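In case you want the letters, here they are:
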Amino acid sequence: MTGAIDIPVAHAAPRIEASQPPLLEVRDLSLSFAAGRGALPITRKVSFSIAPGERVGLVGESGCGKTVTGLSLLRLLPAQSARIQGDILFNGTNLATLSPRQMRAVRGREIAMIFQEPMSALDPVFTVGDQISEAYRIHFPVSRAEGRARSIDALREVGIPAPERRCDEYPHQLSGGMRQRVMIAMALICKPKLLVADEPTTALDVTVQAQITDLLRSLSERTGTALIFITHDLGVVAETCTRMITMYAGEVVEDAPVDDVLMRPRHPYTSGLLRSRPGLSQRRGVLASIPGRVPSPSAMPPGCRFRARCPHAMAGCEQDQPMIGVEASRTVRCWRAPDLELQGAVT
Amino acid sequence: MPSSAHMQSARVASETGILAVRDLRILFPTRDGRDTVKAIDGMDFEVRAGETFGIIGESGSGKTTLGRALVSLLPPSHGQILHDGTDPASLGSGAFRNHRRDYQIIFQDPNAALNPRMTIIDSVMEPMEVMGEGDPASRRRRGIEVLERVGLAAEAADRYPHQLSGGQKQRVNIARVLTLRPKVIVCDEVVAALDVSIRGDVLNLFADLQREFGLTYVFITHDISVVSHISDRIAVTYLGKLMELGPAEDVVERPLHPYTRALLSAEPVPLPTHLRVDRRIILEGEIPSPVAPPSGCRFRTRCPSVQPRCAEEVPVWRDVKPGHRVACHFATADGPPADNQKAPSA
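Sequence positions are assigned chain by chain, starting from 1 and proceeding in written order. Chain letters and ligand numbers both follow the written order, the letters beginning at A and the numbers at 1. Where totals are concerned, whole chains, interfaces and linings use all residues; where local detail is concerned, this predicted model gives features only for residues with pLDDT of at least 70, and gives and counts side-chain atom pairs only at 80 or more.

Trainee: Please explain the overall build of chain A as it appears in this structure.
Mentor: By definition, any uninterrupted DSSP run of H or I lasting at least four residues is a helix, any uninterrupted run of E lasting at least two residues is a strand, and each is numbered from the N terminus. In terms of regular secondary structure, chain A is built from 11 helices and 13 strands. For 347 residues, the compact-globule formula gives about 20 Å, and the C-alpha radius of gyration of chain A, at 21 Å, lands near that figure. Projected onto its principal axes, the C-alpha coordinates of chain A cover approximately 65 × 50 × 40 Å. Taking all 347 residues of chain A together, 48% fall into the buried category. Throughout, the radius of gyration refers to the C-alpha atoms, and the reference size of a globule is 2.2 Å times the residue count to the power 0.38. Counting other C-beta atoms within 10 Å of a residue's own tells you its class, since 20 or more makes it buried, 12 or fewer makes it exposed, and anything in between is partly exposed; those C-beta atoms are placed from the backbone.

Trainee: Any chance you could explain the interface of chain A and chain B here in plain terms?
Mentor: Frequently, the measure chosen for interface size is the accessible area removed from exposure when the parts meet. Two residues qualify as being in contact provided that their C-beta atoms, derived from the backbone, are within 7 Å of each other. The partner chain B presents 47 residues to the 52 residues of chain A that form the contact. If one sorts the elements of the side of chain A that touches chain B by residue count, helix 8 (residues 206-223) of chain A sits on top with 7 residues. In terms of residue class, the side of chain A that touches chain B is made up of 26 nonpolar, 16 polar and 10 charged. Following the grouping adopted for this structure description, the nonpolar residues are Ala, Val, Leu, Ile, Met, Phe, Trp, Tyr, Cys and Pro, the charged ones are Asp, Glu, Lys and Arg, and the polar ones are all others, Gly among them.

Trainee: How do you make sense of the sheet that holds strand 6 (residues 93-94) of chain A when you look at a structure like this?
Mentor: Either a parallel or an antiparallel arrangement is found when strands of a sheet pair, and the pairing is made through backbone hydrogen bonds. Residues and elements named next belong to chain A. The 4 strands are arranged 3-2-5-6 in an open sheet whose pairing can be described as antiparallel. Sheet topology places strand 3 (38-50) and strand 6 at the edges, where each strand pairs with a single neighbour. Only the stretch in contact is used when fitting a helix axis, every axis being a line fitted to C-alpha atoms; angles between N-to-C directions are given from 0 to 180 degrees. Here helix 1 (residues 66-73) sits on the sheet and contacts strand 2 (24-35), strand 3 and strand 5 (82-90); the angle it forms with strand 3, its principal contact strand, is near 75°. We treat two strands as partners when DSSP finds at least two bridges between them.

Trainee: Sorry if this is basic, but what is going on with helix 3 (residues 63-70) of chain B here?
Mentor: In an α-helix, one turn spans 3.6 residues, which is why side chains three or four residues apart end up on the same side. Residues and elements named next belong to chain B. Among the 8 residues in helix 3, 6 count as buried, and that is most of the element. All of the buried residues in helix 3 are Lys-63, Thr-65, Leu-66, Gly-67, Ala-69 and Leu-70. With its phi angle positive at about 65°, Ser-72 sits one or two positions after the end of helix 3.

Trainee: Just checking my understanding: could you explain the packing of helix 7 (residues 176-188) of chain A against helix 8 of chain A for this structure?
Mentor: Packed helices, taken two at a time, are described by their axes: the angle between them and the distance between them. Residues and elements named next belong to chain A. Axis separation between helix 7 and helix 8 bottoms out at 10 Å; the angle between their running directions is 15°. The angle between the axes of helix 7 and helix 8 places the two elements in the roughly parallel class. Seen from above, helix 7 lies across helix 8 with right-handed handedness. Where helix 7 approaches helix 8, its residues Gly-176, Gly-177, Gln-180, Ile-184 and Leu-188 are matched on the opposing element by Val-208, Gln-211, Ile-212, Leu-215, Leu-216 and Leu-219. When an angle is under 35 degrees it counts as roughly parallel; over 145 it counts as roughly antiparallel; between 65 and 115 it counts as roughly perpendicular; any other value is oblique. It is the rotation of the near helix from the far one that decides the hand of a crossing: anticlockwise by less than a right angle makes it left-handed, clockwise makes it right-handed.

Trainee: What is the right way to read unusual backbone geometry from this model?
Mentor: Working note: non-glycine residues mostly have negative phi, and peptide bonds are mostly trans. Despite not being glycine, Asn-91 of chain A has its phi angle at roughly 50°, a positive value. Mapped onto the secondary structure, Asn-91 of chain A falls in the loop between strand 5 and strand 6. Owing to 15 C-beta atoms within 10 Å, Asn-91 of chain A belongs among the partly exposed residues under this scheme. One non-glycine residue, Arg-181 of chain B, adopts positive backbone phi at about 50°. Take Arg-181 of chain B: it is sitting in the loop between helix 7 (166-178) and strand 6 (184-188). For Arg-181 of chain B, a count of 14 C-beta atoms within 10 Å gives the class partly exposed.

Trainee: How do you make sense of the sheet that holds strand 1 (residues 19-29) of chain B when you look at a structure like this?
Mentor: Residue and element names in this part refer to chain B. On the basis of which strands lie adjacent, the open sheet formed by 3 strands has the order 2-1-4 and antiparallel pairing. Every interior strand has two partners, whereas the edge strands, strand 2 (36-47) and strand 4 (78-83), have only one. On average, adjacent strands in this sheet sit at an angle of 25° to one another, irrespective of strand direction. Two elements, strand 1 and strand 2, share 9 bridges in a ladder whose sense is antiparallel. Bridge pairing in strand 2 links Arg-25 to Asp-41.

Trainee: Looking at this structure, I do not really get the pairing of strand 3 (residues 52-56) of chain B. What am I missing?
Mentor: Residue and element names in this part refer to chain B. For strand 3, the tally of buried residues reaches 5 of 5 residues, placing the bulk of the element in the interior. Sheet analysis places strand 3 next to strand 7 (residues 216-221), joined by 5 bridges and oriented parallel. From the neighbouring strand, Phe-53 faces strand 7, where its bridge partner is Val-218. Of the pairings in the sheet, the one linking strand 3 to strand 8 (residues 233-238) comprises 4 bridges and is parallel in character.

Now the structure itself:
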């Protein structure tokens, strides 16, 4: 059996009212890893906020700091080597200052996370039902039977057929797509307010990817769970999210509603990412690319970090670049943005 | 089974294309030895000299097995693969060795393909050494020349793989096969491991090299946007069989098989809401096991247009339009059959 749905799939971005208090507000989050005697800066003053129920795509090339930003929201980085500065305000609580014990009450209950490779995130020696139930019973004092019943409901919720039977199966008995559904069931069983999904579809085939992005979007719409979708695939963001945050070399460089940024990116890096992708109907032409590579964290240039690869670089770009507002609800880290006409996904 | 096609193959070599695949089957025993994985279960197609032949399919469709078989890294269990009319399996070991330099393959993971303890130039010279070509000085000259051609400075020659980026390493792998001046290069997911920002560069390089050296490419990928960009013709694989084969533009713009249509519609496109026009078809479930593929048409368990006949009869691999083949009982030159649940869109 097959279902067909009509695009538009990503519904028009609900504009976030300024009066609505954000669910999550990240302020000047800088992360560094201990390296020898010093510290290697990985991200620098990352700031963004997420409204309740909002779905935000976090994009950029590998090594730009997307994954560590996601991990630092849940304080999942090793405390000995990772140093976090700045604030992670979640519903008014600063997660950055919570004790490990307090943090455990937040993880899974208020904020949950799913990862790229479901097989390595699942324990091979426990049934999926046991693992989902555990995620619930850590936070709620219910019986085993109740935990099992809730696991079955959660599996049904994520579209797993015959959940009563699947509940007693082991991860190796499930396909990749089913495993990712199990991860989603586990992440959402406590009805968290925020789900951080780190490349949840990258290891999946395109037809299964479509099922999973659809599922995440509809679950988020139905339950009001906000979503941070970390991915390198701008197409996935377009179909799942309402807002897109572009990161480059450890900094946020653009933050805008999805439809707006696809039509008209304001940062040359975002534009480069959009143009590099071969279009389905664009055949045999010369493809755009971004020359060079991301600078290494130990040799970060001053000023604009994208400068060396930017076709629009000029004198002035070596100055420190603040995020500037260019339109209502859009910010960009490029002082030239007001003057630039950049190409988006549509020519 | 050797067929009449086999008998004629030598004579009609130039017309059959630089690669001809005849009733190809590749079977592997399962680990417990009780069953057989039908990785390739009957494929027939030809690749023409000088073209880029794209193969798309999901994991488990047999595309990687096919790529390896095309360059004689895996022997066919049944059927044949002809290289320019010659069956490499019929060659003696010396002739075979000499022959296979013309048919090269580049793999997905640029790291795994390079020996971390060898310098770049040593890796690039190795194929020439294996073939006993030239002397060390001429091999080095040729190696540097080819490295420069793929856009790496001569300084890269004495570095080690860990000192290069992913894109640079994939250029080294391209350089390695170019040293042998092959006719055909099978590219198995060669840009999948690269960031989107540098994919364009590597794909542009492939296109330039093809023009310069008259190469034939077989481009295997799960990425529809890559395959549609680079290919002249596209073959769509599903569970060890071809579903559709035709000119790239036709396959992408006017697919005839329900699977191709679903696959294309599943591709996420970075377009704003108001520019999305096409209907998205969400296939349920996943690709079945190649140990026990469904009877009749293999796609029937996920097909939105399935009919009772699909379980009973294997669809004939037939020309629906000139040069456009499809394996579906109900596809016509006008397109795939309508969904069972929805009336055909106006």
